[in-house]
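# Topology and contacts: notes
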Amino acid sequence: MLSIVIFLPVAVALVLLALPRAANRTAIRAWVATSAVDAVLVVALWWRAARAGLDGRPAGEASLPWIPTVGVSYHVGLDGLSLPLVALTAGLFLACAVYSLRETHRARAFAALLLFLETTCLGLFAALDLILFFVFFDLSIVGMYFVIAGWGHGQPARAALKFFLYTFVGSLALLLGFIGLYLAAEPRTFDIVELTRQAPLAGNAVGGTLVLLAVAVGLAVKTPTVPFHTWLPPAHTDAPAAGSAILAGVLLKMGTYGFVRIAMPILPDAWRRFATVFVVVGVVSVVYGALVALAQVNFKRMVAYTSVNHMGYILLGVGTAGILAGGGEQARTLAVTGAVTQMVSHGLITGALFLLSGILYDRGRTYDMDAYGGLAGEAPAFAGLTAVAAFASLGIPGFSGFIAEFQIITGSLGARPVATSLALLGILITAALFVWALQRLFLGRRRLPSPDAGVVPAAATGGFADLRPHELGAVAPLLLLALVIGVAPRFLLDLIQPAARAVVGLIAR
Amino acid sequence: MTALLWLLVALPLGAGAVLAAAGRRADRVAPAFAVAVSVLSLAAAGAVAAGRPRVEAPFLAGIPAGLAVDGLSAVMVLTVTAVTLAVLLSSAGEVGPGEARGRFFGLMLLFAGAMLVTVTATNLVALLIGWEVMGATSWALIGFWWRDPRRVRAATIAFLTTRAADLGLYLAAGAAVAGGVHALELRRLPGAAGPWLALATAGIVLAALGKSAQLPFSFWLSHAMQGPSPVSALLHSAAMVAAGAYLLLRVEPLLAASGWGAPLVAWVGAATALLLGAVAVAQTDLKQLLAASTSSQIGFMVLAAGVGAAGVTGGTMQLVAHAATKSLLFLAAGAWLGALGTQRLDALGGAARRVPAVGLTFAAGALTLAGLPPLSIWAAKDQLLAAALSRSPGLYAAGLAAAAVSGLYAGKALAAVTGQADGVPAGAGGGGGWPGTRRVGAAMTAPLVALAAAAVALGAFALPPVAAGFARLLGAPAAAPAWWERLASAALATAGLLLGIALGAGRLGAAGPAPAPVPAPVPAPVPAVLRGWLAGWLGVEGAVRRLLVRPTLALARGLARFDDRVVDGAVRGAAALALAAARLSATRLEPALDGAVRAVAGGARRLGALARRPQTGRLHQYYAQAAVALAALIIVFVLAR
């Protein structure tokens, strides 16, 4: 069933492309239907896994030989780390599909491309083979390149090229690391489960360091961490709304997921040795990302930098999981659980924020916050939803962001008190920047963007239209899910915790 | 019984969320609905106060979300729900049909629910959840009239200041995990290991001081007055600011165990009580005066938390008494703001007579606030000052001085509203408030009367049996103030009150009909600089802006430039380098390599051309060539032999 979940979207995409006369609306509706079916199947998988318990064996596991001479197989399966991310992917793609119901510009190609992208994302999280992981990793970069270049605004070609080349170079470093792992394994294989069991390079300091360096750089570019993050702001600012939501919500998680799936379990020795480096990089990302976001005037660019900030927390959590002294096992499990929760939470909330920024652009044709004012009077539902999303993003309890950040901070303080205390500043700065953004956009005196350079935004002539049904139907469920996780997190944490404990145990080997 | 405890917190939270989300569509039913919910909450509070249940729900790994009602929590839930009911009832009359009632009442209920979570929380997680939600809803409530940029800015300042202090709770939670505190329970915090105990204490103290607008965080309370008066009546008298004091009273054992926590807290409380009392005296706006006095009165509670278990009784008494008194005073100020259109002290002359019900209740509240016997705040202060005396005479003296100062500002406020109406037209000066509430209806006066009755009746705290019973309820010892302590505080409060009335009346006489922006000369030897410093809330905000806010914004902008120019510049530079290398290869290397290949080909071509030279077609030249070749061969043969 897992393979059906993974490949159904691309199958529908091929059908869509084969039909030359498919109307825009039909294509998007087909996309919505496919994503909905996939989401339902994922929920069924979750239900089954939650009832049966995962007890070590991946759910929905399938294994077929692919390139036997180098030990590459089509090996997929879900466990407590990947199942939440697969669910996140399915949900976020469905939301983007609903959001795009009114898309008219080459909708058939758009739908097909995003369905293809959905397959690559689902495939990556389900992959239990390094080369399979890498293939989906690169294909997702290709898919997103076309989304940005073909449907973006501003300077889409340039932003797409920068995104593609930067993350592609990162993926090459990743491949180098994977090959290093392969060569060190005895017997040689690319299988993640097998490599985790073996932990090759366990005693090898130099080899372990080099391989971890390669893998970490590749994942750090994707995450992104400071200083490899500069592809993110232009890619987000110039991408279409649905593209940004997927980029932030799903693609960024590929980097962090790689840390907990590959870097930590397979290279426990090297991870323990360099855990502090990851903690430092995480804290720097947290503070730097928040500060630079604070200085932004472009709303979407600001949200992009907050992604850097949120990913920094994840790195802080997984970094301190490698520091055995100073924190007990409970603290480290808490940190890793928090990191995975943050992946899901950030996907939901920042995905919603990017869809909302898409609505802003649709009405006013600009992201400049100073061009707007007092929108709460024009579009109260939009203002309310954005305020909810903003507060959820800054970590107010009641939403998933708090659950994640609280676990990361409480789990990390014992091991690295100074670093974690610095990371706390990120909470304050993100509060400031979001409240300030809400102030500039929605409160105060009414102001709408003025027409310039011949582009007359609808806002200048007819006011700022409030949320349309498809926009509400896309964003509200994401935030509702974040609320549910924030208030009743057990259904998610029951899945993540055992896997997090397993990872912590693997690191301590 | 456990279900009732869940209901107690879930009902206001759920109802508030529904109302707030429904927004304008719920405007008609919102007031009645909200009042009904608060009545139910009060009933539930009564039930759980009697039943003392304890609940727990799984939340995080090893850290459940726990709520419980013990003696202190019982007092708190009753106080919070009662004041909420009073405020919402008053708001039902005050908030007109054109206002966004759904949003207002929804947010107020959400806030009340969060406060109830805070005061029933058994561990740091539940506490932090209620704490932060209170902060978020307070932003939305202070900035309720969002079209006014000034009010929105005020809300942001209040929110960010308290959020900065809230980081302390995160620190405390992390320290509790590291220190092995089981389930992060508040009562187990004193058992934290080693240095984590100190960090947990520091974090909790920081968060509590910030939330309760103690020094140095007091300035946010001044900005919070930009919100509607019912908001101030609930948040800034009985609930949010009291939460910090409640927390310190709750973790008094932790403060004692840390060694340095209790003295620090006690002295900060005493300093705040004294200094903010002086700030209150220097204010020219009624709400600002009340705000500063709130900070000062809570300073007493904070002081009580730092003087040992006996202080908990007095501190809790003060909390309840102050809740009733201050919410009464804020509601009255709001009523006058609506009826007269101003809250400037020198423009409120005759207000008490204009609306007698409000005037009488306000007078009762002001007298209580001054600390006059036998009213509630006097009784409470005596309790906590007695506990302070047993710890440190210095603290006791500071507390007494602060009690005298509270008489001063209470008297000033009283004089302002009972003084001569000096012909300043209504609507001059203040502005703001709910539009169109010229009348003060029954819905507004009934809560005022109830609160005034409570403020007066709670003077029973002074009676030893009542005090002992209350102390038993809280599980803390009761201090027994000696007769001379009671006399001293009574005398000082009375003296302060009379002096304050004189000050207020004298100022009104000198001010004249046109209020000047700088306060007119007061018949007291206070230098203008000091007065300005006090009136400006001790200038802390300016310092924070200069030392923290502006540098941070400058740093943010600098880092953004650094990110664009240096970090991204490096990437662009790498790309440019790659392109330059490509161009170099194309224009230099390729031609060079290709040139080598072409040179070889050229050489071969030249050799070929050279080889064609002997092919002349002339027979005699061929004979000559053959002869030369033969000769060469013979020479080679001869030599090779």
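## With respect to the pattern of salt bridges
Residue and element names in this part refer to chain A. Counted according to the given criterion, the structure contains 25 salt bridges over all chains. In this structure, Arg446 engages Glu378 in a salt bridge whose closest nitrogen and oxygen atoms are separated by 2.3 Å. Of this pair, Arg446 sits in the loop between helix 18 (417–442) and helix 19 (458–462) while Glu378 sits in helix 15 (residues 375–378), and the two are 68 residues apart along the sequence. Three or more residues joined by partner-sharing salt bridges are found here, namely Asp362, Arg363, Arg468 and Glu471.

## Let's talk about the domain arrangement of chain B
All names here are of chain B. Domain assignment breaks chain B into domain 1 (2–433 + 440–508) and domain 2 (540–613). For domain 1 versus domain 2, the distance between C-alpha centres works out to 64 Å. At the interface, 4 residues of domain 1 touch 4 residues of domain 2. Of the roughly 320 Å² buried at the junction of domain 1 and domain 2 (both faces included), carbon and sulfur atoms supply 70%. At the surface where domain 1 touches domain 2, the tally comes to 1 residue pair in polar contact (both at pLDDT 80 or more). Here the side of domain 1 that touches domain 2 is built from residues that sort into 3 nonpolar, 1 polar and no charged.

## Description of the nonpolar core
Counting 399 residues, the largest nonpolar core has Ile246 of chain A together with Leu124 and Trp336 of chain B as the members making the most contacts within it. Among the elements that make up this core, the one with the highest residue count is helix 10 (residues 241–266) of chain A (17 residues). There are two domains that each give this core at least three residues, and those are domain 1 (2–433 + 440–508) and domain 2 (540–613) of chain B. The contact partners of Leu124 of chain B, leaving out residues within four places of it in the chain, are Leu169, Ala172, Ala173, Ala176, Leu184, Leu186, Leu189 and Ile204 of chain B. Of all hydrophobic cores here, the second largest spans 20 residues; its members include Ala270, Ala304, Ala310 and Ala403 of chain B.

## What to know about the pairing of strand 1 (residues 54–60) of chain B
Residues and elements named next belong to chain B. Here 5 bridges tie strand 1 to strand 2 (residues 63–68), and the two strands are oriented antiparallel to one another. Along strand 2, the bridge assignment pairs Val55 with Leu67. Connecting the antiparallel pair strand 1 and strand 2 is a turn made up of 2 residues, with Gly62 showing a positive phi of about 75°.

## Notes on the packing of aromatic side chains
Residues and elements named next belong to chain A. Considering all chains together, one arrives at 30 aromatic pairs over all chains under this definition. Ring geometry for Phe133 versus Phe137: centroids 5.9 Å apart, planes at 25°, classification stacked. With a gap of 4 residues between them, Phe133 and Phe137 both fall in helix 5 (residues 130–151), about one helical turn apart. Side by side, Phe133 and Phe137 carry an identical accessibility label, which is buried. Their ring planes at 55° and their centres at 5.4 Å tell us that Phe163 and Trp231 sit as a pair that is tilted.

## Quick look at the packing of helix 4 (residues 101–120) of chain B against helix 10 (residues 240–250) of chain B
All names here are of chain B. Taken N-terminus to C-terminus, the directions of helix 4 and helix 10 make an angle of 10°; their axes are 10 Å apart at the nearest point. With respect to each other, helix 4 and helix 10 are oriented roughly parallel. Between helix 4 and helix 10, the residues in contact are Phe111, Met115, Thr118, Val119 and Thr120 and Met240, Ala243, Tyr246 and Arg250, respectively. Considering only residue class, the contact of helix 4 with helix 10 consists of 6 nonpolar, 2 polar and 1 charged.

## Quick word on the interface of chain B and chain A
Counting residues at the interface gives 48 residues for chain B and 54 residues for chain A. When the area that chain B buries against chain A is broken down by residue, the three leading residues are Phe59, Trp146 and Tyr170 of chain B, summing to 15%. On inspection of chain B and its partner chain A, the count reaches 2 salt bridges. Scanning the region where chain B abuts chain A turns up 11 residue pairs in polar contact (both at pLDDT 80 or more). For the side of chain B that touches chain A, the secondary-structure elements that each account for two or more residues are strand 1, helix 5 (124–142), helix 6 (149–178), helix 7 (194–211) and helix 23 (540–612) of chain B. With 16 residues, helix 6 of chain B is the largest single contributor of residues to the side of chain B that touches chain A.

Scoring rules and cut-offs
Residues numbered from 1 in each chain as written. Chains lettered and ligands numbered in written order. Predicted model: local features only at pLDDT ≥ 70, side-chain atom pairs only at ≥ 80, totals over all residues. Heavy atoms only, no water. Salt bridge = Lys/Arg side-chain N within 4 Å of Asp/Glu carboxyl O. Helix = DSSP H or I, 4+ residues; strand = E, 2+ residues; numbered from the N terminus. Domains from an automatic or database assignment. Contact = heavy atoms within 4.5 Å. Buried area = accessible area lost by both parts, 1.4 Å probe. Polar contact = N/O pair within 3.5 Å; in protein donor to acceptor, adjacent residues only side chain to side chain. Nonpolar A, V, L, I, M, F, W, Y, C, P; charged D, E, K, R; others polar. Core = buried A, V, L, I, M, F, W, Y, C linked by side-chain atoms within 4.5 Å. Buried < 20%, exposed > 50% of the residue type's maximum accessible area, 1.4 Å probe, protein only. Pairing = 2+ DSSP bridges. Phe/Tyr/Trp six-rings, centres within 6.5 Å; stacked < 30°, edge-to-face > 60°. Axes fitted to C-alpha atoms, helices over the stretch in contact; angles between N-to-C directions. Parallel < 35°, antiparallel > 145°, perpendicular 65-115°, else oblique.

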